[in-house]
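# Report on the structure
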Amino acid sequence: MKLFQRRPNNDASPEPRESMKLDFEWIPATDGNTPLIDEHVFLIGRPPLRQYLSFVEDLAAEGVPGEGELADEWRTAQAVFERRQVDEAGLADDPPMAPLPDHLEPLKRKLVEDPVYANGFTMLPTEILMVELDRLVVYQKHINLEFTRQLRAKVGPNPSDEDVFRTCLPFDHPQPPMKMLKTGAGTFVFVSPSNDIRYLGSMQLKPENIVGVSTHGHASMIIGLAVGFGSNFLNAIHCENRIVLNNGSHRAFAMRELGLTHVPCIVQHVSSRAELRAVASSDLRRNPDQYLKGPRPSMLRDYFDPELHKIIPCTRRLRQVRVKYYTDESDLPAV
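Note that the structure is predicted; figures quoted are calculated from it, not measured. (Residues numbered from 1 in each chain as written. Predicted model: local features only at pLDDT ≥ 70, side-chain atom pairs only at ≥ 80, totals over all residues. Heavy atoms only, no water.)

### What about the overall build of the chain?
When you go through the chain residue by residue, the secondary structure sums to 10 helices and 15 strands. When burial is assessed residue by residue, the chain has 44% of its 335 residues classed as buried. Long-range pairs, those at least 24 residues apart, make up 82% of the contacts in the chain with a sequence separation of at least 6. (Helix = DSSP H or I, 4+ residues; strand = E, 2+ residues; numbered from the N terminus. Buried < 20%, exposed > 50% of the residue type's maximum accessible area, 1.4 Å probe, protein only. Contact = heavy atoms within 4.5 Å.)

### As for unusual backbone geometry
We note that glutamate 240 has phi near 50°; this positive angle belongs to a residue other than glycine. Tracing the backbone through its elements, the reader meets glutamate 240 in the loop between β11 (235–239) and β12 (242–247). Here glutamate 240 falls in the partly exposed class, since its relative accessible area comes to 31%. Despite not being glycine, asparagine 241 shows a phi value in the positive range, around 65°.

### Considerations on the environment of proline 101
Position of proline 101 among the secondary structure elements: in the loop between β4 (97–99) and α3 (105–113). Through-space distance from the C-alpha of proline 101 to that of leucine 129 is 9.3 Å; in sequence the pair is 28 residues apart.

### Some remarks on the side chain of histidine 269
Mapping histidine 269 onto the fold places it in strand β13 (residues 262–270). A polar side-chain atom of histidine 269 sits 2.7 Å from a polar atom in the side chain of glutamate 127. Excluding residues that lie within four positions of it along the chain, histidine 269 makes contacts with Met97, Leu124, Pro125, Glu127, Leu129, His238 and Glu275. (Polar contact = N/O pair within 3.5 Å; in protein donor to acceptor, adjacent residues only side chain to side chain.)

### Notes on the sheet that holds strand β8 (residues 187–192)
Spatially, three strands are ordered β7-β8-β15 in an open sheet, and the strand pairing comes out antiparallel. Each edge of the sheet is formed by a strand with only one pairing partner; in this case those strands are β7 (179–184) and β15 (319–324). Adjacent strand axes in the sheet meet at a mean angle of 25° when their direction is disregarded. Pairing analysis gives six bridges linking β8 to β15, with the strands arranged antiparallel. Considered in β15, the bridge of threonine 187 is made with lysine 324. (Pairing = 2+ DSSP bridges. Axes fitted to C-alpha atoms, helices over the stretch in contact; angles between N-to-C directions.)

### Observations concerning the layout of surface pockets
Taken as a whole, the second largest pocket spans an internal volume of roughly 310 Å³. In terms of lining residues, the second largest pocket is bounded by Leu205, Pro207, Ile210, Val213, Ser214, Thr215, Gly217, His218, Ala219, Ile222, Ile223 and Gly224. The element contributing the most residues to the lining of the second largest pocket is strand β10 (residues 222–228), with three residues. Considered class by class, the residues forming the lining of the second largest pocket number seven nonpolar, five polar and no charged. (1 Å grid on protein atoms, 1.4 Å probe; cavity = no way out; pocket = protein on both sides within 12 Å on 5 of 7 lines; lining within 4 Å. Points joined across faces, edges and corners; volume = space filled by probe spheres on them. Nonpolar A, V, L, I, M, F, W, Y, C, P; charged D, E, K, R; others polar.)

Structure follows, in structure tokens:
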């Protein structure tokens, strides 16, 4: 069954496919001695000018315009955005949300049974709903088009509803590539092309939790240090009559590129600013009024508006997490 709405497309549709599995390729950072380049789409006009210029200075490849030309582009976009504040006031208010279609209920049950979902969305009332992409409020300022290309390539040009669900809410948790290197006593470096790589915390383990690893003695207690990735679920916060995209920006962007208008999303219902501070990320937590009270905040549709975005070639980077531990042994007097 095909339910999700798509924008008109004159291309012929391919034959139906079997259910997809979303894997990721390792993305090298260089081609020989030459750094590789990825294009990023950056929202201009709304982020602070200095933030925009700093982004270009830090990440952009050689050959981009100078600071003066970039500032002129930003001012032009800012004027456009100020007009939209009037012409499109209230566009982000009261966006529609709808239940999942019945034929996706089996996938919903698998998602709800997933421990990552079960442990990550316990604080607030949460639903899995259909949301309209263009009316999602966004605070992420740029999108890596190489990542969205990979997502589109894996799901194909004419994905089934099931494929869209698995891409937006991947309960099988496809792992981006990661490499590990021990760089010294008690020091490990983890590297990935995904900027979602992170330290996940420490945990107490029992010897029976560890299989196939030997020690120099008999282990009585074990401490684990975990490095990995977030859930990567398409997740939004419903607060003060707006829906703010909280995670999964690249997935939302890729689905919009494919022409989809509505997708499944985990929606957390927030009833107070105290709850918002507990679950929101970064800029939304620091500047909630900008996204919840402004007449027309930045929205996902703006990434596709040539008057409000700029595509910037950026030197490809890998993200690194370094974990270091040390031990200390001493004798203490018995008390």
